[in-house]
Amino acid sequence: MSSISILHRACLRLALLPLPPLRARATALRPPPLRRHLHLPRRSAMSTAASRLSHIAAAAGGGAAGESNEPPPAGPAAAQEDDGLSSGDMGYRLPPKEIQDIVDAPPLPVLSFSPNKDKILFLKRRALPPLSDLAKPEEKLAGLRIDGNSNTRSRMSFYTGISIHKLLDDGTLGPEKEVHGYPVGARINFVTWSQDGRHISFTVRIDEEGNKSGKLRVWIADVESGEARPLFKSPEIYLNAIFDSFVWIDNSTLLVCTIPVTRGSPPQKPSVPSGPKIQSNETKNVVQVRTFQDLLKDVYDADLFDYYTTSQLVLASLDGTVKPIGSPAVYTSIDPSPDDKYLMVSSIHRPYSYIVPCGRFPKKVELWTVDGKFIRELCDLPLAEDIPITMSSVRKGKRSINWRADKPSTLYWVETQDGGDAKVEVSPRDIVYMENAEPINGEQPEILHKLDLRYAGTSWCDESLALVYESWYKTRKTRTWVLSPDKKDVNPRILFDRSSEDVYSDPGSPMLRRTDMGTYVIAKIKKQDGSTYVLLNGMGATPEGNVPFLDLFDINTGSKERIWESDKEKYYETVVALMSDKTDGELSLDQLKILTSKESKTENTQYYLQTWPEKKQVKITNFPHPYPQLASLYKEMIRYQRKDGVQLTANLYLPPGYDPSKDGPLPCLVWSYPGEFKSKDAAGQVRGSPNEFPGIGATSPLLWLARGFAILSGPTIPIIGEGDEEANDRYVEQLVASAEAAVEEVVKRGVAHPDKIAVGGHSYGAFMTANLLAHAPHLFCCGVARSGAYNRTLTPFGFQNEDRTLWEATSTYVEMSPFMSANKIKKPILLIHGEQDNNSGTLTMQSDRFFNALKGHGALSRLVILPFESHGYSARESIMHVLWETDRWLQNYCVNSASKADSDSVADSENKTLSASGGSAAREALGPEGSSYLPRSLL
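About the thresholds
- Residues numbered from 1 in each chain as written.
- Predicted model: local features only at pLDDT ≥ 70, side-chain atom pairs only at ≥ 80, totals over all residues.
- Heavy atoms only, no water.
- UniProt positions renumbered as here; feature names shortened; annotations may be inferred.
- Helix = DSSP H or I, 4+ residues; strand = E, 2+ residues; numbered from the N terminus.
- Buried < 20%, exposed > 50% of the residue type's maximum accessible area, 1.4 Å probe, protein only.
- Areas by Shrake-Rupley, 256 points an atom, 1.4 Å probe, with all protein chains shown as cover.
- Salt bridge = Lys/Arg side-chain N within 4 Å of Asp/Glu carboxyl O.
- Core = buried A, V, L, I, M, F, W, Y, C linked by side-chain atoms within 4.5 Å.
- Contact = heavy atoms within 4.5 Å.
- Pairing = 2+ DSSP bridges.

Identification of the protein chain as Probable glutamyl endopeptidase, chloroplastic from Urochloa decumbens is taken from an unreviewed UniProt entry. If you open the UniProt record of the protein chain and go to Subcellular location (unreviewed entry), you find "Plastid, Chloroplast stroma". We quote the UniProt Function (unreviewed entry) comment for the protein chain here in full: "Serine-type protease active in vitro against the LHCII N-terminal. Cleaves its substrate on the carboxy-side of Glu residues."

Here it is, written out as structure tokens:
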């Protein structure tokens, strides 16, 4: 059962795609910059601390090992001083205080609403975690990173405290009540409400000596008193949270994944291998996989994977009763039926693979009674190493097996008819089935619907209404079907048939209400005249920006009535959740209650209750401004045009107090991330709102507003492939054209100095940055590229949304790779990468080799490898050092850069010297910066 998160819902709005059909797992309503993230009640416990917005850290930190708070010396000459910057052991540094203060601001709490929406948990957090948290030992197995000491995923963020507020009848909050009784210094995870809202469950862990993580124990707190206690009386029962963790079966019983009490010590790695490592394809199978990381390497790894992931399921009652059910296995999910009579239990088993992660291992799904009695096997899927890399390809066999949210115990699932291969032409492509948990008299599964595109989910309402979604990536087509699942005489019909790229035509997503069974179904709204509607919650994209709305929509006629819309002039408002969902059946419009968010360019997000019919609005939060020093910054959504006529947009930010007539043009940082489109019209549509509050994360480019920069954030860089054309075949051409248009616009406005414009990006944005410095050196004075991939021949079976192989599109792979154009990069480039990047495609080796190529051509470049960091950076020491490196780079090569004419002349001179001297003169001209490198073992 997946989470009902507002973020997940937003991701699916493009196609009116489905919301999760069953009980919500723990999600959270986060204050800015994590806006509109609702923590709805759920039946099973998944980490709420592991934020759905992974680019913002939710853990706290300690001090960095920096040597100075002072900004680096300005000017290119400073980079040539022997200040230790070329050393591989320079220590961690701190950025200027004005940046530090923003990053170190105390985080605001996460909010979690009770099932009855009458209470709110405030989940308290610390700031950035210390590097010592990341330095804890971890095992890299089958695509997972595991903390063996705690038997959880490694690097888990956590909460530091829980407080409870009543939501009073007038919409205001009652006094704070602290949850108490757990150990001081506890790290809290997996916070979950019981179905009746009388208890909350969570896990507690205490770090041990020697920087070791403690194991997780499940705790229970009484919501009325706030008193907490361990769920298990025995101190030897610990949670195994590698996959699933625990789930409420009813108001007094939890089903918990525990570490088997009979488990011994971890297997020991043989000092001498028993034989060579062998992989074979003597059967000539076509197996194409992307560059997955942290895979199993040998038999020992497979044994270690089993050791950490094997769980014993235990039924635990609040009165202390404990009952193990089933045998120990590698359980990946446990899903109770809505009526709590059955369990759908998923597990993975051998044979394992050395080339794909555990999500593709053989998977068995079984049906049990709630007390652990085996009923039947739903499927046993084989190892899936051969899923085609073509977009919209899927695994063979049953998939997306779920419980119907509107029925006590009815299963539904989908089966592919094309073998999972999107290149195979067949009709239908997918078939959706449903079946009772225990079929009677040999009943066969019933066909719910046949689809010609790829199945994308279902939203359930009742026996007369369900919405089924299908989509196809290559054409961007998406359809929504209306079904009457239990009325055989009513034929399915298409409700919406549109392009997922066309945000202007997005009708919105149906809002859900909670049922008495704890599941979530489409809410039906009844007006006084007896007519019935569904509520569509939409982002409301328009050429002027997003104007979110709430519509009453008649499924039968297609007519709609707008009952709420965001303010357009100053504020940006969204509907976050339906609050009047306590009663089964239809909801009266006159009793409608919703939770909304409200923000502006200068006012951070706050949350409000709105009630009908008077549409009274009551403010329920009063979060302080997270960075008051930037409260008066200037923000404008600007529009401009590419030379081929494509309309582009960007958010332009200017520092507080900036006066163009007095201050003149500023140094400018352009930060972006390209995207692929099938049509120019869709690529030119406006996304986002000019009134959104500028959330500033720990590594956000907006931090440089505090350093006097103009920031052009997220300028659209559409890479378009219309018709049969592949977008990436003209990647460089369109990339440069988009960048030229953006630079011309900020220069024309007089806010950016034409010789002091830097470019940067993370991941695919880093790839963009390197390409722009190679192919558009006339636009930018320097670049900052974080965690990127630069040589596409190292990702030969596809990358990003490219699903052709290197051998099918050789010229595209080569021309897109900035590694192949390293000899063209003459402007200073800063490369930053996590030493343990586990993102598919962005191995740390990518930056290593790119830096060596740059250095081999005398390019002014610098490579910073961050110990223990992954694709995104989380430790305070790492983040502060990244900000110091970036600020130093921008000060030296942007703020104090020479004019374009001078730098081009110098570059030409250096090239000639390099050719004549083999590179020594160029290195001397660049000083120690030209050859700086942090020694490390190459991958």
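**A short note on the overall build of the protein chain**
Helix and strand counts for the protein chain come out as 13 helices and 49 strands. Buried residues in the protein chain amount to 60% of all 939 residues. Per element, the accessible surface of the protein chain, about 35300 Å² overall, is 50% carbon and sulfur.

**Quick word on the pattern of salt bridges**
One pass over the full model with this rule turns up 52 salt bridges. Note that lysine 407 is salt-bridged to aspartate 486, the shortest N-O span being 3.2 Å. A residue pair is termed long-range when its members are at least 10 positions apart, and lysine 407 in the loop between strand S20 (398–403) and strand S21 (410–416) and aspartate 486 in the loop between strand S26 (477–483) and strand S27 (493–499) qualify at 79 residues. Between arginine 730 and glutamate 725 there is a salt bridge, and its shortest N-O distance comes to 2.8 Å. Of the residues examined, arginine 730 reaches a relative accessible area of 24% and is grouped as partly exposed. Looking at glutamate 725, the relative accessible area reads 29%, which means it is partly exposed.

**Some points on the nonpolar core**
Residues Leu712, Tyr731, Leu772, Phe780, Leu831 and Phe850 are the most contacted members of the largest nonpolar core, which totals 62 residues. Per-element accounting of this core gives the leading share, nine residues, to helix H7 (residues 731–748). Beyond its immediate sequence surroundings of up to four residues, tyrosine 731 is in contact with Pro674, Ile719, Tyr764, Phe767, Met768, Asn771 and Met816. Ranked by size, the runner-up nonpolar core spans 38 residues in total, among them Leu128, Leu630, Leu669 and Cys782.

**A short note on the sheet that holds strand S2 (residues 110–113)**
Pairing is antiparallel in the open sheet, where four strands are placed in the order S2-S3-S7-S8. The sheet is open, and its two edges are formed by S2 and strand S8 (177–178), each paired on a single side. Where S2 lies against strand S3 (residues 119–124), four bridges are found, and the strand directions are antiparallel. Residue valine 110 lies in a different strand from S3, and its bridge partner there is leucine 123.

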